[in-house]
Amino acid sequence: MGYAIEVLDLTKKFRKVKRIPTDAGFGEAHWIMALGLKLKFLKAEEMVAVDHVNLKVKEGELFGLLGPNGAGKTTLIKCLSTLLIPDGGSALINGYDVLRESDRVKRCINLVGSGNWIGFDWALTVRENLEFFANMYGLRSGVAKERIDEALKIVGLKEKEKETPSKISSGMRQKMIIAKGFIIRTPIFFMDEPTIGLDPVSAKDIRTYIKEKLSEELGETIVLTTHYMQEAEQLCDRIAIMDRGKIVACGTTRELKDMIVRQEVIEIEAINIGTKLTNEIRRIDLVDNVANHIDDEATLTGTIRIHTKDAELVLPAILNSIERNDGKVLHVAASQPTLEDVFMKLTGKGLME
Amino acid sequence: MSAQRELASPTGKYEVKKADWKTMLWAVWANFKSAVLGWTFFLASFVMNITGMVVNICIFYFLATFTGSAMAPYLAKYGGNFAAYIVLGIAFNSYLGASLNSFYNSYCNGYWGCSFELYATSPVGIKAYMAGVILFDYFVATISVFLYILFGVAVFNISFGSGANFGVAALAMIAGMVAVGGIGLVAASTFTLLNAKQWSNPVTWFVNFLTGLVSGVYFPLEVLPEWGRAIGYLLPQTYAYDAARMALLSGATITNPLIISDLSELFISALITVPIGVFLFRRSLRKAEKDGTLSRWS
Amino acid sequence: MTEELRMDRRANLRAMWTFVKRDLKIWTYFKLNFLIDIAGIFSNIAIYAIIAMVAGKAVESSLNPFGGDYASYVILGIIFNEIMSTSLSAPYWGTMDAFWTGRLEILMISPISTPLFVTGTSIGRYVRSLINVAFYLIFGALLFGLKLGGTINYGLAILYILVATIACTGLGLMGASLIYLIEARGGEDPIRWIVGILVGLASGVYYPLSILPQWMQWLGCLIPQTYALDAARRSMIGEAIRAKTLPIHGLFSASPMMVDMAALIAFSLVTVPLGWWMYNQGVRRAKMDGRLSRWV
């Protein structure tokens, strides 16, 4: 079995040019740019979104890209799906070069993104919108009908197929986006945070469909980006962790967790977890990493996860810190390392930060 | 009655304040400024808009020059110059067009731009938003009138009559704006009452259609058959244009019987259109609130 | 194992038909507004037709090459301009519509080709324009005195308009490319703006060029619409076929209609490849900068 996706040293930078208005009209600066002149005040800052990424995904693999917001996951996906032209490196999709053979690449890929109902027409019904996209991908009407019926059933939109997108909720619109992806069958499927905004039951059904039907039965190569570690653990054969444009680790869930096997993890649920407290805990001896996750901003109630080499030794000091900072401990537990812990070890911060 | 009312919630914990006139004025001004900034922010777009106005008047000037000699017999009341007639007609139509269209257009803007959701839950309400946008429409109309007349006088040598009466012309325009504004409110009410949501509605279409044909914007009513003139006399615009033109091109004063007749007709029109417009618009707002259609999304 | 997608000819036609269906559904979604659009056509013709009826004999001599009847002159001008302005603006608005609704990215990664994308996003506007033309003709002929006289050559008129449409499409692609190249996303671009000014002022839609100063007549000769209007009118209502009506006609010994056709072909040969190249450069630029969507 070969590789469905091969990425070699891929780089993508964005130039942020100051004082150029975008998205409307054609402002004065555009006339000047059109003439090819550069002005002193047009100082460009460069932001590296994808930084020399190397990756190989086997055929039929369900591959996860895990990382926080702004890690570069979407940018990488867009480069691989020909929506962005990379600034350096190369990528092969099903053996076709994304730069030189983009037309062939497009016949091999399917992409589902997140973002409400972007791309759908308000005047067409849910079903008509899906039929539109089925025709864009060359599906015959009989096949399209069958796939649309199946997709609507999987995402739970069958009763809403005659409604227009403006009359359904935002979660249902996200389901429309997913349904659109499910009607097309291609060797490679990019899914960019597909379950964002969905209720837990729907998200579970969709994950099951992805795993059992698309990956196991149809053998599609699926690249799934997410910042939900449970989703990545549940679905993916292998996972790459991405942060600030770089792949910081890549392997199976087991391999990634083994990177921090010698660490212990303390999880404390408390009230009044502030930045001051977190920094104080970081300074305690034998504490390797600290990340907090706030559930209630008003009372600063949340969870602190502490990586340490000796939980028994550091726990009293941590509890003292909490008390000194007027915190109140609700629950203390020692837990097994998760992918979030792996991420914390590799990057020094939490997945949700 | 106090301008400011405080409404307490059942728990007594929060107070909801209805906006006083100063706050309303501030909100209207803020929306107006925002619209002006948006219009002028991109210099090239702004220049294109202004140029478009000028080009429009040039086209009609050439058209008037081409056909003018045939029109002259019908223009005795207005000094006989078809180019001056048509330039002023287009200029005046900017103001009355703003009165007719801006209520509906501001409603469309608020709905499709999702601003209504925001304003409906604020103390100032959607009327502050609409008022700001309408004020902006009048501002643009003022600029276009200024440009039309400036261009007409400076480039095409259009001259006003000796003793041109700007005061009477302004009075005719204001009266016209009020009377046509009532129709504009009726048009705005169709957004909800008739589901006319896609930037056009039967009322403004119909009135614009009639205005172009029988109110004297592009040609005098005298060229029309009698039934055409009769329809024209039903529109407030007809009287406004007639009075304003006579004032500027023939120097007619406020004591002129024709001017008095035109202004009276405008006053009567306003007495009819404004109450009907206000009633229907209020009704449409209540329906929108009840149906949940102040926003695009359910 | 799933296979690569294939877009054969039938699939491409199905895709094209889907674009048309979608556009027509949106156009007719609000029934009242659809009827208002049709009625707007009536009022547009009526204003000029009334001016024409009054102008009557006074302008006949200026319109001899075109049969002398101003009502027919101006109504045909409006009809031909409807088609040409659609081809000028359709690529821009098709792309803009896809951009603002977020469909641009989705369509760009689908297996439909870029020419099909541009055509598909534009074609609904052409269909709508043809429906408008039908109404213009009906209203013009039944109510406003449109006289198709003497020696009518519909085929020739259609040919001229078709070639002009190709030339205008090239200009339209150039304008649409500016969506990407200079982010002209506010509803206007410099190319269509300039052409639009020249069309209104100096192409002969509303009045013959002979009434304009010489320098404005030469400006009119810089756009394809002028030649198309000139020749198509002569084909439909013209009598003095050899009369020279544009300043450029005086430079050549060939008949004015041949000069018009040569100019239109020359425009097409320049604007279409240039427009296509600019559009592809624009897409490439957008993919470099991450500007195919409103969100990076």
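These numbers come from a predicted model, not from an experiment.

Another point: the overall build of chain C. The helix and strand inventory of chain C stands at 10 helices and 0 strands. Taken over C-alpha atoms, the radius of gyration comes to 21 Å for chain C, in line with the 19 Å a tight globule of 296 residues would show. Summarising its shape, the C-alpha atoms of chain C cover approximately 75 × 45 × 35 Å along the three principal directions. Looking at chain C as a whole, 53% of its 296 residues qualify as buried. Long-range contacts, defined as pairs at least 24 residues apart, comprise 79% of the intrachain contacts of chain C with a sequence gap of at least 6.

Here we come to the overall build of chain B. Assigned secondary structure in chain B consists of 10 helices and 2 strands. Traced from its N-terminal end to its C-terminal end, chain B shows the element sequence β-β-α-α-α-α-α-α-α-α-α-α. Since a compact globule built from 298 residues should have a radius of gyration of about 19 Å, the 21 Å found for chain B is in line with a globular shape. By its C-alpha atoms, chain B is 75 × 45 × 35 Å across when sized along the principal axes. Counting across all 298 residues of chain B, residues that qualify as buried make up 47%. For chain B, contacts bridging at least 24 residues in sequence account for 73% of all contacts bridging at least 6.

Before going further, it helps to spend a moment on the pairing of strand S9 (residues 238–243) of chain A. Residue and element names in this part refer to chain A. For S9, a buried count of 5 out of 6 residues is recorded, marking the element as mostly surrounded by other parts of the structure. When strand S3 (residues 62–66) meets S9, the two strands line up parallel, connected through 4 bridges. Following the sheet pairing, Phe63 is matched in S9 by Arg238. Relative to strand S10 (residues 246–251), S9 is paired through 5 bridges, and the arrangement is antiparallel. Residue Ile241 lies in a different strand from S10, and its bridge partner there is Ala249. Counted between consecutive antiparallel strands, the loop separating S9 from S10 contains 2 residues, among which Arg244 sits at a positive phi close to 50°.

Each partner contributes to the interface: chain A provides 35 residues, whereas chain C provides 39 residues. Elements represented by at least two residues in the side of chain A that touches chain C include exactly helix H1 (28–34), strand S6 (109–112) and helix H4 (126–136) of chain A. For the side of chain A that touches chain C, the class distribution of residues is 19 nonpolar, 10 polar and 6 charged.

Before going further, it helps to examine the sheet that holds strand S13 (residues 301–308) of chain A. Residues and elements named next belong to chain A. If you walk across this open sheet you meet the 4 strands as S12-S13-S11-S14, and the pairing is antiparallel. With partners counted over all chains shown, the strands left at the sheet margins are strand S12 (287–296) and strand S14 (328–335), one partner each. Across the sheet, the mean angle separating the axes of adjacent strands is 20° when strand polarity is ignored. In this structure, S12 lies alongside S13, joined through 8 bridges in antiparallel fashion. Its bridge partner being in S13, Asn292 is matched across the sheet by Ile304.

Residues and elements named next belong to chain A. Read across the open sheet, the 6 strands follow the order S6-S7-S8-S3-S9-S10; overall the sheet is mixed. Each edge of the open sheet carries a strand with a single partner, namely S6 and S10. Taking the axes of each pair of neighbouring strands and ignoring which way they run, one obtains an average angle of 15° across the sheet. When S6 meets strand S7 (residues 188–192), the two strands line up parallel, connected through 4 bridges. By the bridge assignment, Ile109 is partnered in S7 with Ile188. Contacts from helix H7 (residues 200–217) reach S3, S7 and strand S8 (221–226), with the element oriented near 150° to S8. Across the face of the sheet, helix H12 (residues 339–347) comes into contact with S3, S9 and S10 while running at roughly 40° to S9.

By size, the foremost hydrophobic cluster in this structure holds 272 residues, and its most contacted members are Val87 and Ala240 of chain B together with Ala228 of chain C. For this core, the element with the most residues is helix H3 (residues 82–112) of chain B, which contributes 18 residues. Among all residues touching Ala228 of chain C, those that are not within four sequence positions of it are Phe80, Met84, Tyr160, Ile161, Ala164 and Leu264 of chain C.

Right, let's talk about the environment of Gly138 of chain A for a bit. With respect to the helices, strands and loops of the structure, Gly138 of chain A is situated in the loop between H4 and helix H5 (141–155). Judged by local crowding, Gly138 of chain A falls into the buried class, with 22 C-beta atoms found within 10 Å. Once the C-alpha coordinates of Gly138 of chain A and Glu312 of chain A are considered, the two residues, 174 residues apart in sequence, prove to be 63 Å apart. Beyond its immediate stretch of four places on either side in the chain, Gly138 of chain A contacts Leu5, Arg6, Met7, Ala11 and Pro111 of chain C.

This part takes up the confidence of the model for chain C. Residues and elements named next belong to chain C. The predicted model of chain C averages 88 in pLDDT, with 96% of residues at 70 or higher. Ranking the elements of chain C by mean pLDDT puts helix H2 (residues 31–55) last with 82 and helix H10 (residues 256–289) first with 95. Interface scoring of the predicted complex returns ipTM 0.82; its pTM is 0.80.

Here we come to the packing of H3 of chain B against helix H6 (residues 166–193) of chain B. Residues and elements named next belong to chain B. The N-to-C vectors of H3 and H6 enclose an angle of 25°; their axes lie 8 Å apart at closest approach. The angle between H3 and H6 places the two elements in the roughly parallel class. Crossing angle aside, the handedness with which H3 passes H6 is right-handed. Residues Phe92, Tyr95, Leu96, Ser99, Leu100, Asn101, Ser102, Phe103, Tyr104, Tyr107 and Cys108 of H3 pack against Met173, Gly176, Met177, Val180, Gly181, Ile183, Gly184, Leu185, Ala187, Ala188 and Phe191 of H6. The class makeup of the residues in the contact of H3 with H6 is 16 nonpolar, 6 polar and no charged.

What follows covers the environment of Arg242 of chain C. Residue and element names in this part refer to chain C. Positionally, Arg242 belongs in the loop between helix H9 (224–237) and H10. When the 11 C-beta atoms within 10 Å are taken as the criterion, Arg242 is described as exposed. Along the primary structure Arg242 and Arg103 are separated by 139 residues, whereas in three dimensions their C-alpha atoms are 50 Å apart. Contacts of Arg242, omitting those with residues within four sequence positions, involve Ser255 and Pro256.

So, on to unusual backbone geometry. Residue and element names in this part refer to chain A. For Thr82, which is not glycine, the phi dihedral falls at a positive 70°. Looking at the secondary structure, you find Thr82 in the loop between helix H2 (73–80) and strand S4 (88–93). By C-beta crowding, Thr82 is classed as buried, having 23 other C-beta atoms within 10 Å.

Conventions adopted
Residues numbered from 1 in each chain as written. Chains lettered and ligands numbered in written order. Predicted model: local features only at pLDDT ≥ 70, side-chain atom pairs only at ≥ 80, totals over all residues. Helix = DSSP H or I, 4+ residues; strand = E, 2+ residues; numbered from the N terminus. Rg over C-alpha atoms; globule rule 2.2 N^0.38 Å. Buried ≥ 20, exposed ≤ 12 C-beta atoms within 10 Å, placed from the backbone. Contact = placed C-beta atoms within 7 Å. Pairing = 2+ DSSP bridges. Nonpolar A, V, L, I, M, F, W, Y, C, P; charged D, E, K, R; others polar. Axes fitted to C-alpha atoms, helices over the stretch in contact; angles between N-to-C directions. Core = buried A, V, L, I, M, F, W, Y, C linked by C-beta atoms within 7 Å. pLDDT = per-residue confidence, 0-100. Parallel < 35°, antiparallel > 145°, perpendicular 65-115°, else oblique. Left-handed = near helix turned anticlockwise from the far one by under 90°.

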